[in-house]
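Architecture at a glance
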Amino acid sequence: MNSIKSIGPCLESLRSAGVGEIIVVDAHSSDGTRAAAGRLADVVLEDPGIGLGTARNLGIARTSLPLILNFGSDNVITREALEGMVSVLVHSDLQGVSARTMVDGDGYLARSMNGWWSTRFRAGPASVIGTPSLFRGDLLRLDPFDTKRRHSDDSDLCERWTSAYGARFAITDAVVLEIGKNEWSEVLLRCRNYGVSDYEVFSLGRQRGWSVARQAQSILHPLRVDLIGPVSRMAPKDAVVAAPFLAAFATMRYWYWASAALRH
């Protein structure tokens, strides 16, 4: 939605990387995004605006190709990175893989975010992968995203697949660049999305009968993955510099979680 600044470079990178079919799901953009996408994509679909799961599933149902890449409108990828993702998926007999994301820029915010990403999302086997993600198309069409999820739904999909099919996932060495994200407003938006997702995961988990221990694990998750984990893996000098950003990020994520809970 309203991604006019990045949609061109995003779709051009996908075409250059060798993606066989580009499907854009547009959420009623008003800034020219849809027209720009129409010039560069194979198909442009309309998102009814009832949740991320529904939007993704529209695109998934439209293609019959063997592999499906979920990609953000602010991402750009190289052919080498995409080929690396495909190679790991196929040769390691996995059901899904993701790339590592880096923010374009070299200021304090960009350095802190890249330090966070590089320590949090490390290459290797993973129980949950996030966007940009590459999945087996047949399985994704058979058992797609949860339409009740309005925000992040990757954890739900990966947990369901692991339980039902013994699926395995990994984070690859491939790096995908995020453009136009080196601003505090974008950090706040990310925290909001994560916080609302935390609320959705926790509330649905409780409804499904989570144990007290599992609920505690969910509550501590943002603190563990966004502050304690990254700081413990960084060099001491880097940790001192990034710690204020990481603490603020975790705090804002909890704030939006609490706000979502109060609204409901």
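Up top is the structure.
These remarks concern the structure in this document.

Basis of the calculations
Residues numbered from 1 in each chain as written. Predicted model: local features only at pLDDT ≥ 70, side-chain atom pairs only at ≥ 80, totals over all residues. Heavy atoms only, no water. Buried < 20%, exposed > 50% of the residue type's maximum accessible area, 1.4 Å probe, protein only. Helix = DSSP H or I, 4+ residues; strand = E, 2+ residues; numbered from the N terminus. Pairing = 2+ DSSP bridges. Contact = heavy atoms within 4.5 Å.

Here we come to the pairing of strand 3 (residues 67-70). For a regular strand, side chains alternate in direction, first toward one face of the sheet and then toward the other. Side chains Ile68 and Asn70 project from strand 3 onto a buried face, and the interleaved Leu67 and Leu69 project onto a face without burial. Sheet analysis places strand 3 next to strand 7 (residues 133-136), joined by four bridges and oriented antiparallel. Pairing of Asn70 across the sheet is with Ser133, part of strand 7.

Of note, Arg190 is situated in helix 8 (residues 184-207). Owing to a relative accessible area of 15%, Arg190 belongs among the buried residues under this scheme. Beyond its immediate stretch of four places on either side in the chain, Arg190 contacts Met113, Trp116, Trp117, Glu178 and Phe249.

Let us now look at the pairing of strand 5 (residues 96-103). Burial analysis of strand 5 places six of its eight residues in the buried class, the great majority of the element. Bridge analysis of strand 5 against strand 7 gives three bridges, and the strand direction is antiparallel. Within strand 7, the position partnered with Gly96 by the bridge is Phe135. Alignment of strand 5 against strand 8 (residues 169-178), held across seven bridges, turns out to be parallel. Its bridge partner being in strand 8, Gly96 is matched across the sheet by Phe169.

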